[in-house]
Amino acid sequence: MTIRDVQPPELLSPWRTPERAALQKAARDFARDVVLPVADELDPQKAEMPRELIEQLAEQGWFGITVSADHGGLGLGVFEYCLVSEELARSWLSVGSILARGQGLGTQVLDDDRRAGLLRRSAAGDWIGSIALSEPTAGSDLAGVETQAVRDGDDWVLTGHKRWAGNALAADFVEVLARVREPEEGESRSAGLEPFLVVKERGTFPDGMSGTPIDKIGYHGFLTWDLQLDGLRVPDSDRLTGLYGDEGADADAGGFASVQRGLNIARVHTAARAVGVARAAVEDCTLYLQEREQFGHPISDFQALRFALADMAAEVAQARAFWQQVAHLLDEGEPAEQESAAVKLLATEMAVKVTNQAMQLHGGNGYTTERRVERYWRDARLTTIFEGTSEIQRRIISDRMLPRGRS
Ligand SMILES: Cc1cc2nc3c(=O)[nH]c(=O)nc-3n(C[C@H](O)[C@H](O)[C@H](O)COP(=O)(O)OP(=O)(O)OC[C@H]3O[C@@H](n4cnc5c(N)ncnc54)[C@H](O)[C@@H]3O)c2cc1C
């Protein structure tokens, strides 16, 4: 038996339309036939996904799912973006993630013509970025960003230390969050934080930026970079707008609607990716339980294991239904802040639990690099940490329910 013998879940009513079913099938076939073999070869080498794979994703139009058709995108919604991402993450988490580096990222420049051109490039997969918000001392608390931007004529000069910038070397641009001024009395700590667009050539760092890859335990396909900024010059025209607004980047403080919407989309997108990884674990277990024999039986005969698989499948289905609901709310223009935090929290915690159980069902073979389940387990583990940890999601949810404490 092979992965082709496992029947993946169908898109159900009320979300199913012929167009979405076709999109899901295209993404599912691509993930199985194109992404999975690449992941199997390159994940053990901790390598980056090849440019050829990115070009194949671009040919499908998936870097522009949410970019308007006027700008060469597919003009679809958060739902379709998550639908494709779940399928891609089912084969390799990082491929589900690279889509987020298109979708109009890094196009919020003030000049209309330039913005239109960048949107077209983004939709075409020819403007793929990296995001450098976090720093060694500023992770959950992004208002603590210390990178300084100092005005010098028509340029800004950036100096600081960024950590965790995924895809930075391979990117066409890096969005860097920096402090242009200190907050004034009575302002939020995030006042004075602004994003800058660092335009660069793929495969090199510009003058004033150097990088060292971080040796991660998973999430391969991307290299993740520690970046030193030392006198990096950025023209004033590349100071981005509409991303964090004047309020700065305090993700937890709420901020402007556009910021909040971007964060909410990132959360539901992470939930969909986590569902993809957990589904991979369920599908591999479905095969392994029938393949492995003990006590003269396939281990799929043992009710304890059958029920464990049933619990896993039920939890994945529950998380999928939740991301679909939240993506729909966002497409309807609902704020859905609490729901986005809740789905990120529940789906990612579910993925950790399900991939852990999948390893158990694989016995000793699960604890080897001969089976994919160890990759799912390593990748799922990240999903409760990045894009806002589980604790930060709980903080967002509880802040909507209770008066704010001092922490
Ligand atoms: C593989 C990987 C890829 C990443 N990619 C990127 C990227 O591309 N760009 C980017 O900018 N960043 C990226 N990040 C950074 C990521 O967003 C941060 O790691 C994450 O936000 C957590 O920050 P931290 O690691 O500094 O942990 P900390 O903020 O130091 O948290 C440590 C612990 O304290 C908890 N905690 C913190 N504050 C509170 C609180 N108020 N209440 C309760 N608990 C709290 C956290 O939940 C966590 O358990 C990446 C991280 C990883 C690991």
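Scope of this entry: the structure provided in the associated data block. Going along each chain's sequence as written, the residues are numbered from 1 onward. Per-residue local features are limited, in this predicted model, to residues with pLDDT of at least 70; the limit for side-chain atom pairs, both in listing and counting, is 80 or more; totals at the level of whole chains, interfaces and linings are taken over all residues.

1. Brief notes about the nonpolar core
What counts is decided by this rule: Any set of buried Ala, Val, Leu, Ile, Met, Phe, Trp, Tyr and Cys residues joined through C-beta atoms within 7 Å is what this text calls a nonpolar core. Any residue surrounded by 20 or more other C-beta atoms within 10 Å of its C-beta is treated as buried, while 12 or fewer makes it exposed and the intermediate range makes it partly exposed; C-beta atoms here are placed from the backbone. The helix and strand labels rest on DSSP assignments: H or I over at least four residues marks a helix, E over at least two residues marks a strand, and numbering proceeds from the N terminus. The contact rule is simple: place each C-beta atom from the backbone, and if two of them lie within 7 Å, those residues are in contact.
Grouped together as the largest cluster of nonpolar side chains are 104 residues, with contacts concentrated most on V268, A278 and W323. Looking at this core element by element, the count peaks at 13 residues for helix α6 (residues 257–291). Setting aside chain neighbours within four positions, we find V268 in contact with V78, C82, W323, V326, A327, L330, S340 and V343.

2. With respect to the packing of helix α8 (residues 337–361) against helix α10 (residues 373–383)
Under the convention used in this document: Note on geometry: axes are lines fitted to C-alpha atoms, helical ones only across the stretch in contact, with angles between N-to-C directions running from 0 to 180 degrees. Oblique is the label for any angle not under 35 degrees, not over 145, and not in the 65 to 115 range, which are roughly parallel, roughly antiparallel and roughly perpendicular in turn. Working rule for handedness: look at the near helix, and if it is turned counterclockwise from the far one by less than a right angle, call the crossing left-handed; if clockwise, right-handed. In the scheme used here, Gly and all other residues not listed as nonpolar or charged are polar, with Ala, Val, Leu, Ile, Met, Phe, Trp, Tyr, Cys and Pro taken as nonpolar and Asp, Glu, Lys and Arg as charged.
One can describe the packing of α8 onto α10 by two numbers: an axis separation of 8 Å at closest approach and a directional angle of 160°. Considering their axes alone, α8 and α10 lie roughly antiparallel with respect to each other. As α8 runs across α10, the sense of the crossing is left-handed. Touching T348, A351, V352, T355, N356, A358 and M359 of α8 are V373, E374, Y376, W377, A380, R381 and T383, all from α10. Considered class by class, the residues forming the contact of α8 with α10 number eight nonpolar, four polar and two charged.

3. Describing the environment of T66
Within the secondary structure, T66 sits in the loop between α2 (51–59) and α3 (78–91). Here the alpha-carbon distance between T66 and E387, two residues 321 residues apart in the chain, equals 19 Å. Not counting residues up to four positions away in its chain, the partners in contact with T66 are G73, L76, G77, V78, Y81, Q103 and G104.

4. Quick look at the packing of helix α7 (residues 303–331) against α8
Axis separation between α7 and α8 bottoms out at 10 Å; the angle between their running directions is 160°. Between α7 and α8, the crossing angle belongs to the class labelled roughly antiparallel. Between α7 and α8 lies a crossing of left-handed hand. Of the residues in α8, those touching α7 at L305, A308, M312, E315, V316, A319, F322, W323, V326 and L329 are E339, S340, V343, L346, A347, M350, V354, Q357, A358 and L361. A per-class count over the contact of α7 with α8 returns 16 nonpolar, two polar and two charged.

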